[in-house]
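Each chain, written out:
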Amino acid sequence: GAGVSQSPSNKVTEKGKDVELRCDPISGHTALYWYRQSLGQGLEFLIYFQGNSAPDKSGLPSDRFSAERTGGSVSTLTIQRTQQEDSAVYLCASSPRGQNYGYTFGSGTRLTVV
Amino acid sequence: TQLLEQSPQFLSIQEGENLTVYCNSSSVFSSLQWYRQEPGEGPVLLVTVVTGGEVKKLKRLTFQFGDARKDSSLHITAAQPGDTGLYLCAGASSTSYDKVIFGPGTSLSVIP
(Lines give C-alpha, C1' and ligand atoms only; values in the text may rest on other atoms or scores of the structure.)
Protein backbone atom coordinates (compact mmCIF):
# COMPACT_ATOMS: atom_id res chain seq x y z
CA GLY A 1 0.00 0.00 0.00
CA ALA A 2 0.90 3.67 -0.16
CA GLY A 3 1.42 4.03 3.56
CA VAL A 4 1.63 2.13 6.83
CA SER A 5 -1.78 0.81 7.81
CA GLN A 6 -2.76 0.01 11.40
CA SER A 7 -5.91 -1.62 12.70
CA PRO A 8 -8.02 -1.14 14.62
CA SER A 9 -7.75 2.62 14.95
CA ASN A 10 -9.41 2.46 18.37
CA LYS A 11 -9.77 -0.41 20.82
CA VAL A 12 -11.53 -0.42 24.17
CA THR A 13 -11.00 -3.55 26.21
CA GLU A 14 -11.68 -4.76 29.71
CA LYS A 15 -8.84 -5.24 32.16
CA GLY A 16 -7.50 -8.78 31.94
CA LYS A 17 -8.48 -9.39 28.32
CA ASP A 18 -5.98 -10.04 25.51
CA VAL A 19 -5.71 -7.70 22.52
CA GLU A 20 -4.07 -7.93 19.10
CA LEU A 21 -2.94 -4.88 17.15
CA ARG A 22 -2.09 -5.17 13.48
CA CYS A 23 0.41 -3.32 11.31
CA ASP A 24 0.71 -3.55 7.53
CA PRO A 25 3.97 -1.82 6.49
CA ILE A 26 4.93 -0.25 3.19
CA SER A 27 5.68 -2.92 0.62
CA GLY A 28 9.41 -3.52 0.32
CA HIS A 29 10.33 -1.96 3.68
CA THR A 30 12.47 -4.49 5.48
CA ALA A 31 12.43 -2.78 8.89
CA LEU A 32 9.34 -2.58 11.11
CA TYR A 33 9.07 -0.91 14.50
CA TRP A 34 6.49 -0.70 17.27
CA TYR A 35 6.37 2.29 19.62
CA ARG A 36 4.04 3.28 22.44
CA GLN A 37 2.99 6.86 23.16
CA SER A 38 1.18 7.89 26.30
CA LEU A 39 -0.93 11.07 26.34
CA GLY A 40 1.25 14.09 25.60
CA GLN A 41 4.45 12.06 25.82
CA GLY A 42 7.25 11.04 23.49
CA LEU A 43 7.68 7.67 21.84
CA GLU A 44 8.68 4.60 23.83
CA PHE A 45 10.44 1.93 21.76
CA LEU A 46 8.92 -1.56 22.05
CA ILE A 47 10.27 -3.91 19.38
CA TYR A 48 12.08 -3.87 16.02
CA PHE A 49 12.12 -6.36 13.15
CA GLN A 50 14.72 -6.29 10.39
CA GLY A 51 14.35 -8.77 7.55
CA ASN A 52 14.87 -12.34 8.72
CA SER A 53 17.03 -11.37 11.70
CA ALA A 54 15.96 -12.08 15.26
CA PRO A 55 13.82 -9.16 16.50
CA ASP A 56 15.15 -6.60 18.97
CA LYS A 57 12.73 -7.04 21.89
CA SER A 58 14.65 -4.87 24.33
CA GLY A 59 11.82 -2.34 24.74
CA LEU A 60 8.98 -4.70 25.63
CA PRO A 61 7.85 -3.66 29.14
CA SER A 62 6.83 -7.11 30.37
CA ASP A 63 6.31 -10.69 29.21
CA ARG A 64 2.64 -9.87 28.63
CA PHE A 65 3.78 -8.13 25.43
CA SER A 66 4.81 -10.05 22.32
CA ALA A 67 4.97 -9.42 18.61
CA GLU A 68 5.47 -11.38 15.45
CA ARG A 69 6.02 -10.54 11.84
CA THR A 70 4.83 -13.04 9.28
CA GLY A 71 6.48 -13.41 5.88
CA GLY A 72 8.52 -10.28 6.43
CA SER A 73 5.41 -8.13 6.05
CA VAL A 74 2.41 -7.84 8.39
CA SER A 75 3.11 -7.61 12.10
CA THR A 76 0.88 -8.27 15.10
CA LEU A 77 1.50 -6.89 18.58
CA THR A 78 -0.24 -8.92 21.28
CA ILE A 79 -0.86 -7.75 24.82
CA GLN A 80 -2.06 -10.44 27.21
CA ARG A 81 -4.01 -9.81 30.41
CA THR A 82 -4.24 -6.09 29.73
CA GLN A 83 -3.79 -3.61 32.57
CA GLN A 84 -4.94 0.00 32.81
CA GLU A 85 -1.35 1.22 32.47
CA ASP A 86 -1.28 -0.35 29.00
CA SER A 87 -3.65 2.39 27.80
CA ALA A 88 -1.79 4.38 25.16
CA VAL A 89 -1.44 4.91 21.42
CA TYR A 90 0.52 2.13 19.78
CA LEU A 91 2.38 3.29 16.69
CA CYS A 92 3.92 1.16 13.99
CA ALA A 93 6.57 2.40 11.55
CA SER A 94 8.46 0.91 8.66
CA SER A 95 11.66 1.85 6.90
CA PRO A 96 13.98 0.70 4.15
CA ARG A 97 17.29 -0.56 5.53
CA GLY A 98 19.42 2.30 6.80
CA GLN A 99 18.72 4.95 9.45
CA ASN A 100 19.15 7.88 7.11
CA TYR A 101 15.93 7.14 5.30
CA GLY A 102 13.70 7.93 8.26
CA TYR A 103 10.57 6.16 9.36
CA THR A 104 7.05 6.17 7.91
CA PHE A 105 4.49 5.87 10.68
CA GLY A 106 0.94 4.62 10.68
CA SER A 107 -1.83 6.58 12.40
CA GLY A 108 -1.69 4.34 15.42
CA THR A 109 -4.10 2.28 17.49
CA ARG A 110 -5.53 4.01 20.55
CA LEU A 111 -5.92 1.37 23.24
CA THR A 112 -8.08 2.06 26.27
CA VAL A 113 -8.21 -0.49 29.07
CA VAL A 114 -11.23 -0.05 31.37
CA THR B 1 22.44 4.89 27.25
CA GLN B 2 21.92 7.60 24.67
CA LEU B 3 19.28 10.16 25.62
CA LEU B 4 17.81 13.14 23.81
CA GLU B 5 16.41 16.22 25.54
CA GLN B 6 14.17 18.80 23.89
CA SER B 7 13.38 22.35 24.91
CA PRO B 8 11.09 24.03 25.45
CA GLN B 9 8.56 21.35 26.35
CA PHE B 10 5.65 23.64 25.48
CA LEU B 11 5.51 26.76 23.32
CA SER B 12 2.53 28.98 22.53
CA ILE B 13 3.07 31.88 20.16
CA GLN B 14 1.13 34.28 17.95
CA GLU B 15 0.89 33.80 14.22
CA GLY B 16 3.77 35.57 12.46
CA GLU B 17 6.31 35.15 15.25
CA ASN B 18 9.62 33.31 14.92
CA LEU B 19 10.68 30.45 17.18
CA THR B 20 13.47 27.98 17.77
CA VAL B 21 13.28 24.57 19.42
CA TYR B 22 16.29 22.62 20.57
CA CYS B 23 17.35 19.00 20.72
CA ASN B 24 20.37 18.13 22.88
CA SER B 25 22.34 15.09 23.95
CA SER B 26 25.65 14.25 25.57
CA SER B 27 26.07 11.51 22.97
CA VAL B 28 27.16 11.67 19.36
CA PHE B 29 24.64 10.59 16.74
CA SER B 30 25.41 9.46 13.21
CA SER B 31 22.33 11.29 11.96
CA LEU B 32 19.32 13.11 13.36
CA GLN B 33 15.75 13.31 12.18
CA TRP B 34 12.94 15.78 12.90
CA TYR B 35 9.28 14.77 12.83
CA ARG B 36 6.01 16.67 13.29
CA GLN B 37 3.01 14.93 14.79
CA GLU B 38 -0.54 16.27 14.63
CA PRO B 39 -3.32 15.06 16.96
CA GLY B 40 -4.62 11.62 16.07
CA GLU B 41 -1.87 10.96 13.56
CA GLY B 42 1.54 9.34 13.53
CA PRO B 43 4.71 11.44 13.30
CA VAL B 44 5.69 12.62 9.82
CA LEU B 45 9.34 12.89 8.86
CA LEU B 46 10.41 16.47 8.06
CA VAL B 47 14.14 16.15 7.52
CA THR B 48 17.23 14.04 8.17
CA VAL B 49 20.59 15.73 8.86
CA VAL B 50 23.78 13.71 8.61
CA THR B 51 26.85 15.95 8.56
CA GLY B 52 28.06 18.02 11.52
CA GLY B 53 27.24 21.69 10.88
CA GLU B 54 24.72 20.81 8.18
CA VAL B 55 21.87 23.25 7.57
CA LYS B 56 18.71 22.25 5.71
CA LYS B 57 15.77 24.45 4.81
CA LEU B 58 12.20 23.35 4.20
CA LYS B 59 10.16 26.43 3.26
CA ARG B 60 9.93 28.45 6.52
CA LEU B 61 11.68 25.74 8.57
CA THR B 62 15.47 25.72 9.03
CA PHE B 63 17.19 22.72 10.59
CA GLN B 64 20.78 22.66 11.85
CA PHE B 65 22.93 19.78 13.08
CA GLY B 66 25.57 20.76 15.60
CA ASP B 67 29.24 20.58 14.61
CA ALA B 68 29.86 17.80 17.15
CA ARG B 69 26.67 15.94 16.07
CA LYS B 70 25.30 16.06 19.63
CA ASP B 71 22.59 18.66 19.15
CA SER B 72 20.21 20.17 16.64
CA SER B 73 17.84 23.10 16.29
CA LEU B 74 14.68 23.81 14.37
CA HIS B 75 13.87 27.43 13.56
CA ILE B 76 10.46 28.43 12.19
CA THR B 77 10.05 31.83 10.56
CA ALA B 78 6.68 33.58 10.57
CA ALA B 79 4.85 30.72 12.25
CA GLN B 80 1.38 29.83 10.99
CA PRO B 81 -1.48 27.92 12.65
CA GLY B 82 -0.68 24.97 10.37
CA ASP B 83 2.67 24.63 12.13
CA THR B 84 0.88 23.58 15.32
CA GLY B 85 1.88 20.12 16.49
CA LEU B 86 4.35 18.03 18.45
CA TYR B 87 7.91 18.31 17.13
CA LEU B 88 10.07 15.27 17.80
CA CYS B 89 13.77 14.85 17.21
CA ALA B 90 15.24 11.38 16.81
CA GLY B 91 18.89 10.39 16.81
CA ALA B 92 20.30 7.41 14.98
CA SER B 93 22.36 5.39 17.42
CA SER B 94 26.02 4.96 16.57
CA THR B 95 25.84 1.41 17.97
CA SER B 96 22.48 0.27 16.60
CA TYR B 97 22.36 0.98 12.90
CA ASP B 98 18.61 0.97 12.28
CA LYS B 99 17.12 2.05 15.60
CA VAL B 100 16.64 5.73 16.41
CA ILE B 101 16.10 7.25 19.85
CA PHE B 102 13.27 9.78 20.18
CA GLY B 103 13.29 12.89 22.31
CA PRO B 104 10.22 13.76 24.44
CA GLY B 105 9.02 16.42 21.98
CA THR B 106 8.14 20.11 21.91
CA SER B 107 4.43 20.89 21.75
CA LEU B 108 3.91 24.01 19.61
CA SER B 109 0.68 25.97 19.45
CA VAL B 110 0.40 28.84 16.99
CA ILE B 111 -2.51 31.14 17.76
CA PRO B 112 -4.20 32.92 14.83
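Remember, predicted model here, so these are calculated numbers, not experimental data.

## Some thoughts on the packing of aromatic side chains
All names here are of chain A.
At step 1: According to the stated counting rule, one finds twelve aromatic pairs over all chains in the structure shown.
At step 2: Their ring planes at 5° and their centres at 4.8 Å tell us that Y33 and Y48 sit as a pair that is stacked. Separated by 15 residues along the polypeptide, Y33 in strand β4 (residues 31-37) and Y48 in strand β5 (residues 44-50) bring together distant segments of the chain. Considered together, Y33 and Y48 belong to a single accessibility category, that of buried residues.
At step 3: When the ring of Y103 is compared with that of F105, the centres are 6.1 Å apart and the planes differ by 55°; the resulting orientation is tilted.

## Things to note about unusual backbone geometry
At step 1: Here the bond from A:S7 into A:P8 is cis, since omega is -10°, no more than 30 degrees from zero.
At step 2: Mapping A:P8 onto the fold places it in the loop between β1 (5-7) and β2 (10-13).
At step 3: Residue B:S7 is joined to B:P8 through a cis peptide bond whose omega torsion reads -10°.
At step 4: As for its position among the elements, B:P8 is in the loop between β1 (5-7) and β2 (10-14).
At step 5: For B:K59, which is not glycine, the phi dihedral falls at a positive 55°.
At step 6: Inspection of the secondary structure puts B:K59 in the loop between β6 (55-58) and β7 (61-65).
At step 7: For B:A78, which is not a glycine, the phi torsion comes out positive at approximately 50°.
At step 8: Among the structural elements, B:A78 can be located in the loop between β8 (71-76) and β9 (85-92).

## Here's the deal with the nonpolar core
At step 1: By size, the foremost hydrophobic cluster in this structure holds 21 residues, and its most contacted members are B:L19, B:L32, B:W34, B:F63, B:L74, B:I76 and B:L108.
At step 2: Looking at this core, the elements with two or more residues in it are β3 (19-24), β4 (31-37), β5 (44-49), β7, β8, β9 and β11 (106-111) of chain B.

## Examining the pattern of salt bridges
Residues and elements named next belong to chain B.
At step 1: Applying the stated criterion across every chain, the model contains four salt bridges over all chains.
At step 2: Notably, a salt bridge pairs E54 with K56, separated by 3.8 Å at the nearest N-O pair.
At step 3: Its salt-bridge partner being R60, residue D83 comes within 2.9 Å of it at the nearest N-O pair. Taken as a pair, D83 in the loop between β8 and β9 and R60 in the loop between β6 and β7 lie far apart in primary sequence, 23 residues in all.

The rules behind the values
Residues numbered from 1 in each chain as written. Chains lettered and ligands numbered in written order. Predicted model: local features only at pLDDT ≥ 70, side-chain atom pairs only at ≥ 80, totals over all residues. Heavy atoms only, no water. Phe/Tyr/Trp six-rings, centres within 6.5 Å; stacked < 30°, edge-to-face > 60°. Helix = DSSP H or I, 4+ residues; strand = E, 2+ residues; numbered from the N terminus. Buried < 20%, exposed > 50% of the residue type's maximum accessible area, 1.4 Å probe, protein only. Core = buried A, V, L, I, M, F, W, Y, C linked by side-chain atoms within 4.5 Å. Salt bridge = Lys/Arg side-chain N within 4 Å of Asp/Glu carboxyl O.

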